[in-house]
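Chain by chain, the residues:
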Amino acid sequence: MAFVEGSHHVTLSVAGAQEDVDFHVKVLGMRLIKRTVLFDGSLPIYHLYYSNATGDPSSVVTTFPWAQAGFYGKRGTNQAREVLLSVPHDSLDFWHRRLTEHDVEVDNVEVFGQRRLAFRHPSGIEYVFVGNTGDDRVGHAGYGVPPECAIHGIHGVGIHVATPDRMVEFAEESFFSQGRLAEEGDRAALQIGNAKYGNHLELTVNRTDDQGTWGYGAGTYHHFAWNVGNLRNQDEVKFDIEGRGYTDISELKDRKYFKSVYVRTPGGALFELAVTHPEGGWTCDESPKELGTRFQLPEQFEHRREEILARLEPIEI
């Protein structure tokens, strides 16, 4: 029987590469675990990976810095919008102080009766810290972030939709929703798969904004990846989705560290069905201690290493 375990990673189109590294590493204290390039298209664009201490599936935020190529996106409705990250419940005061000290504007918001912190990536993408108790994913203590406050990993994805019923129908009938967790005004939260943490799908009704960008463009969400465990199950999930009539779904793509299939949801957000590569995942080209220390290229680009590096924005780690 086909299944979705929970989240795998989230991928964003940001602006500058250096400001992205500084934000995730020096402000949020996340671990840079991989420096490589976008596998699609002909332009050399960084693909940067950040995670908790161990790089668990459901902990990874990845980014494409598009400003150098001059590609900019537009945030709007029918688009994934919020990066929801899980932090220890009693760390919110620490994070409010830290973000403020780093000149990041942060707001206290209440969602489903619980305090959260809302702030933005330098490129404008919306981030939210969600406090959780009992999340056993190990955060990365870096740049002054103590272990007891470090980011556990992904909490979920926030999607803005003009017609929420279609997205709820997709989640409940075709994408392994375990039911609605909460509803409040124009917002609803669903759980995808059986994982205890990292699998929240939050929908916000938005009929005022124009349609947001779906392609690559700085300042916008690109896709949210769900962990489907193994390749056989990935095929079954894909067949089930296609069998319900959602045929805007890709062929299998090998991303070196994982293998992926992509489906455009009726709410506009692009979902990925990801399987970590069985031969090592992140550690197929670097040891666990060395993750993120060397610039990695897929085999088909290796002969262009010097050319690609010369065309990319220099970054200091």
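Before reading further, recall that the structure is shown in the block above.
Model, not experiment: these values are computed from the prediction.

### Describing the pairing of strand β4 (residues 60-65)
Here comes step 1: Of all six residues in β4, six are buried, a share of seventy percent or more.
Here comes step 2: Of the two faces of β4, both are covered, the one formed by Val60, Thr62 and Phe64 as well as the one formed by Val61, Thr63 and Pro65.
Here comes step 3: Direction of pairing for strand β1 (residues 6-14) relative to β4: parallel, over a ladder of six bridges. When the sheet's bridge partners are listed, His9 is paired in β4 with Val60.

### Concerning the sheet that holds strand β15 (residues 258-264)
Here comes step 1: Reading across from one edge, β2-β3-β4-β1-β13-β16-β15-β14 is the order of the eight strands in this open sheet, with mixed pairing throughout. Strand pairing shows two members of the sheet lacking a second neighbour, β2 (31-37) and β14 (253-254), which therefore form its edges.
Here comes step 2: Where β15 lies against strand β16 (residues 270-276), seven bridges are found, and the strand directions are antiparallel. What sits directly across from Phe258, in β16, is Thr276.
Here comes step 3: Running at roughly 160° to β16, helix α4 (residues 231-243) makes contact with β15 and β16 of the sheet.

### Digging into the sheet that holds strand β8 (residues 126-132)
Here comes step 1: Taken in spatial order, the eight strands line up as β6-β7-β8-β5-β9-β12-β11-β10 in an open sheet, and their pairing is mixed. Two strands bound the open sheet, and with one partner strand each, they are β6 (107-111) and β10 (177-184). Strand-to-strand twist of the sheet, defined as the mean angle between neighbouring strand axes without regard to direction, takes the value 30°.
Here comes step 2: Sitting on the sheet, helix α2 (residues 92-101) touches β5 (79-88), β6, β7 (114-120) and β8, and the angle it makes with β7 is about 20°.
Here comes step 3: Each of β9 (153-161), β10, β11 (187-192) and β12 (200-205) touches helix α3 (residues 164-174); the most contacted strand, β12, lies at about 165° to it.

### Describing the side chain of Ser91
Here comes step 1: Take Ser91: it is sitting in the loop between β5 and α2.
Here comes step 2: A distance of 2.7 Å separates a polar side-chain atom of Ser91 from the backbone oxygen of Pro88.

### Examining α2
The α-helix winds at 3.6 residues per turn, so residues separated by three or four positions along the chain end up facing the same way.
Here comes step 1: Among all positions of α2, only Leu92, Phe94, Trp95, Arg98 and Leu99 are buried. Buried residues of α2 fall within an arc of 150° about the axis and therefore sit on the same side.
Here comes step 2: If you follow the buried residues of α2, they end up packed against α1 (17-27), β5, β7 and β8.
Here comes step 3: Backbone geometry just downstream of α2 places Asp103 in the positive-phi region, at approximately 60°.

### Observations regarding unusual backbone geometry
Residues other than glycine predominantly adopt negative phi, and peptide bonds predominantly adopt the trans conformation.
Here comes step 1: Here the phi dihedral of Ser58 falls at roughly 90°; this positive angle occurs in a residue that is not glycine.
Here comes step 2: Mapped onto the fold, Ser58 is located in the loop between β3 (46-51) and β4.
Here comes step 3: Non-glycine residue Asn78 carries a positive phi angle of around 55°.

### Describing the nonpolar core
The tendency in soluble globular proteins is for nonpolar side chains to be buried side by side.
Here comes step 1: Counting residues in hydrophobic clusters, the biggest one holds 71 residues, and the most contacted among them are Leu28, Trp95, Tyr127, Phe129, Ile159, Leu201 and Phe271.
Here comes step 2: In terms of residue count, the dominant contributor to this core is α1 (five residues).
Here comes step 3: Those residues within four positions of Phe271 in sequence are excluded, and the remaining contacts are Ile159, Met167, Phe170, Phe175, Leu201, Phe224, Trp226, Val261, Tyr262, Val263 and Thr265.
Here comes step 4: In this structure, Ile33, Tyr257, Trp282 and Leu291 belong to the second largest nonpolar core, which totals seven residues.

### Digging into the pattern of salt bridges
Here comes step 1: Within this structure, the stated rule accounts for 23 salt bridges.
Here comes step 2: Ionic pairing is found between Asp135 and Arg137, a salt bridge with its closest N-O pair at 2.7 Å. In this structure, Asp135 and Arg137 share a single accessibility class: buried.
Here comes step 3: Note that Lys256 and Asp285 form a salt bridge whose closest N and O atoms lie 2.9 Å from each other. Taken together, the residues span a long stretch of sequence, with Lys256 in the loop between β14 and β15 and Asp285 in the loop between β16 and α5 (305-311) at a distance of 29 residues.
Here comes step 4: A relative accessible area of 22% places Lys256 in the partly exposed class.
Here comes step 5: Within this structure, Lys34, Lys256, Asp285 and Glu286 form a network of salt bridges that share partners.

### A word on α4
Here comes step 1: Compared with an ideal rise of 1.5 Å per residue, which puts 13 residues at 18 Å, α4 spans 18 Å between its outermost C-alpha atoms and is within 8% of the ideal.
Here comes step 2: Taken as a whole, α4 has its buried residues at Asn233, Gln234, Val237, Lys238 and Ile241. When α4 is viewed along its axis, its buried side chains cluster within an angular range of 140° and face the same direction. Relative to its buried face, α4 has exposed residues pointing more than 90 degrees away, namely Arg232, Phe239 and Gly243.
Here comes step 3: Positive backbone phi, at 100°, marks Gly245, one or two positions downstream of α4.

Each value, and the rule that gives it
- Residues numbered from 1 in each chain as written.
- Predicted model: local features only at pLDDT ≥ 70, side-chain atom pairs only at ≥ 80, totals over all residues.
- Heavy atoms only, no water.
- Buried < 20%, exposed > 50% of the residue type's maximum accessible area, 1.4 Å probe, protein only.
- Helix = DSSP H or I, 4+ residues; strand = E, 2+ residues; numbered from the N terminus.
- Pairing = 2+ DSSP bridges.
- Contact = heavy atoms within 4.5 Å.
- Axes fitted to C-alpha atoms, helices over the stretch in contact; angles between N-to-C directions.
- Polar contact = N/O pair within 3.5 Å; in protein donor to acceptor, adjacent residues only side chain to side chain.
- Arc of directions from axis to C-beta.
- Core = buried A, V, L, I, M, F, W, Y, C linked by side-chain atoms within 4.5 Å.
- Salt bridge = Lys/Arg side-chain N within 4 Å of Asp/Glu carboxyl O.
- Expected span 1.5 Å × (residues − 1).

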